[in-house]
Amino acid sequence: MSGSKIITVQRHIIEQERDHPEATGELTGLLWDLTIAAKIISREVNRAGLADILGLTGQENIHGEEVKKLDEYANDAIIKSMDHGGHLCVMASEENEDIIPISDQYPKGKYVLMFDPLDGSSNIDANVSVGTIFSVYRRKTTAGNGTLEDCLRKGVEQVAAGYIVYGSSTMLVYTAGHGSHGFTLDPGIGEFLLSHKNIQIPSRGKVYSINEGNANTWDEGTRKYINDLKKVTPETGQKPYSLRYIGSLVADFHRNLLYGGIFLYPADYIDPKKPKSKLRLLYEAAPLAFIVEQAGGKASTGDTAIMEIKAEQLHQKTPLIIGSKEDVEKYEGYFKNK
Ligand code: FDP
């Protein structure tokens, strides 16, 4: 074992809170509860490949209950870990059409939790990394049950955000506004240990991540930008960027956060009067934007900062261009001049 300190996520959150004497400890409790949900989901995701032989999905389990699909399982795990802690007044999930109230039997807290329980779940049968994304806001209403108004927010109002990537190991990356920090789950002791302190995304990367099959649906600016990334200019030494696209947002984002690069999911302009986006503002774009900004990167629609968009609907969709600062800024130049 090397000489560096071993810091669990719990201790890290508590120490961050100590730097803020006004903190009540509620956010610490909330984030702690979330790590429990993350461990439960991680265990289940790791067993996914055994589903057919052990009869884990689509059949009845030993209690006679039908076993749920993993995304539903993850959704339930988060709701059941979070609803009774007294930290939340309302939740919203990518899996639920409406807001999720806190049951009358439980105390209400001052925070709002929004989450995508298992993003990229269409990849799960191929053993590709998937992830959970979460976002925390302070409530706007003052008492009782939280409302839709508490959920329809601007990214800049987030107090914490994070994701868990279930990959070759399980990692949690979170920010509470003081840098983005990464923790790796040690399955032997069941603890997330600090492995990536104060992550800084390189200001420029060598990788772009986009579904190029959609090229014919892109706006002119995006098409030109992607074409230019592939150019070779011997005079300036510019080499083509490499394409890396897993098709699982958390996994693509996580790789680019650590190595540098740009992830793009632009709008579909097949009908130029009605551009259509795919990714969700509240459950995907805003939390990842908070994390990337805390790591020195940038997130944009092409002409607007993701963090500045006020949600009008719970499941609102947005274009998402996210990653290394210089790469995102360069894209914005192309997008504006399209
Ligand atoms: P999925 O459809 O597998 O759930 O938001 C959902 C998402 O995955 C992201 O994780 C991923 O980045 C994106 O969709 C992939 O979309 P395309 O298949 O259209 O490339």
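You'll find the structure just up there.
What comes next is a walk through the structure. Please read these numbers as outputs of a predicted model, since none were measured by experiment.

The next subject is the sheet that holds strand E2 (residues 100-101). A sheet is described by the order of its strands in space; here eight strands give the open sequence E2-E1-E3-E4-E5-E6-E7-E8, paired in mixed fashion. Two strands lie at the open edges of the sheet, namely E2 and strand E8 (191-196), each paired on one side alone. Pairing of strand E6 (residues 170-175) with strand E7 (residues 180-186), which is carried by five bridges, proceeds in the antiparallel orientation. If you follow Leu 172 over to E7, its bridge partner there is Phe 183. Against the sheet, helix H1 (residues 9-18) touches E6, E7 and E8, its axis set at about 5 degrees to E6.

Okay, the pattern of salt bridges next. This structure, assessed with the given rule, holds 14 salt bridges. When the shortest N-O distance is used, the salt bridge between Glu 44 and Arg 43 registers 3.6 Å. Taking relative accessible area as the criterion, Glu 44 reaches 13% and is therefore assigned buried. A relative accessible area of 47% means that Arg 43 is categorised as partly exposed. The partner of Lys 224 in a salt bridge is Asp 228, and the shortest N-O contact between them spans 3.2 Å. Of the two residues, Lys 224 and Asp 228 are both situated in helix H6 (residues 220-229); the distance of four residues between them amounts to about one turn of the helix. For Lys 224, a relative accessible area of 45% corresponds to the partly exposed category.

On to the site of the ligand. Surrounding the ligand, one finds 14 residues, the nearest of these being Asp 119, Ser 122, Tyr 245, Tyr 265 and Glu 284. Within the backbone of Gly 120, an N or O atom sits 3.3 Å from an oxygen atom of the ligand. At 2.4 Å, a side-chain N or O of Ser 122 approaches an oxygen atom of the ligand. Protein chains bury 78% of the 460 Å² of accessible surface belonging to the ligand in isolation. When its residues are assigned to classes, the shell around the ligand shows five nonpolar, six polar and three charged.

It is worth spelling out the nonpolar core at this point. Ranked by internal contacts, the top residues of the largest apolar core, which has 42 residues, are Tyr 163 and Leu 257. At ten residues, helix H8 (residues 281-294) tops the list of elements feeding residues into this core. Setting aside residues up to four positions removed in sequence, Leu 257 forms contacts with Tyr 163, Val 173, Ile 199, Gln 200, Ile 201, Pro 202, Ile 291, Val 292 and Ala 295.

Before going further, it helps to examine the side chain of Asp 83. Tracing the sequence through the fold places Asp 83 in the loop between helix H4 (70-82) and strand E1 (88-93). A polar atom in the side chain of Asp 83 sits 2.9 Å from the side chain of His 84. Contact partners of Asp 83, with chain neighbours within four places excluded, come to Met 91, Ile 102 and Tyr 106.

Okay, the environment of Asn 198 next. As for its placement among the helices and strands, Asn 198 is situated in the loop between E8 and strand E9 (207-209). Accessibility expressed as a relative area gives 39% for Asn 198, which makes it partly exposed. Among residues more than four places away in sequence, those in contact with Asn 198 are Gly 179, Ser 180 and His 181.

Another point: the sheet that holds E9. Pairing is mixed in the open sheet, where five strands are placed in the order E10-E9-E11-E15-E13. Only two strands of the sheet have a single partner each, and these edge strands are strand E10 (242-243) and strand E13 (298-300). Relative to E10, E9 runs parallel, the two sharing two bridges. Bridging across to E10, Tyr 208 finds its partner in Leu 243. Along the sheet face, H8 touches E13 and strand E15 (320-323) and points at about 25 degrees away from the line of E15.

Conventions adopted
Residues numbered from 1 in each chain as written. Predicted model: local features only at pLDDT ≥ 70, side-chain atom pairs only at ≥ 80, totals over all residues. Heavy atoms only, no water. Pairing = 2+ DSSP bridges. Helix = DSSP H or I, 4+ residues; strand = E, 2+ residues; numbered from the N terminus. Contact = heavy atoms within 4.5 Å. Axes fitted to C-alpha atoms, helices over the stretch in contact; angles between N-to-C directions. Salt bridge = Lys/Arg side-chain N within 4 Å of Asp/Glu carboxyl O. Buried < 20%, exposed > 50% of the residue type's maximum accessible area, 1.4 Å probe, protein only. Near = heavy atom within 4 Å. Polar contact = N/O pair within 3.5 Å; in protein donor to acceptor, adjacent residues only side chain to side chain. Areas by Shrake-Rupley, 256 points an atom, 1.4 Å probe, with all protein chains shown as cover. Nonpolar A, V, L, I, M, F, W, Y, C, P; charged D, E, K, R; others polar. Core = buried A, V, L, I, M, F, W, Y, C linked by side-chain atoms within 4.5 Å.

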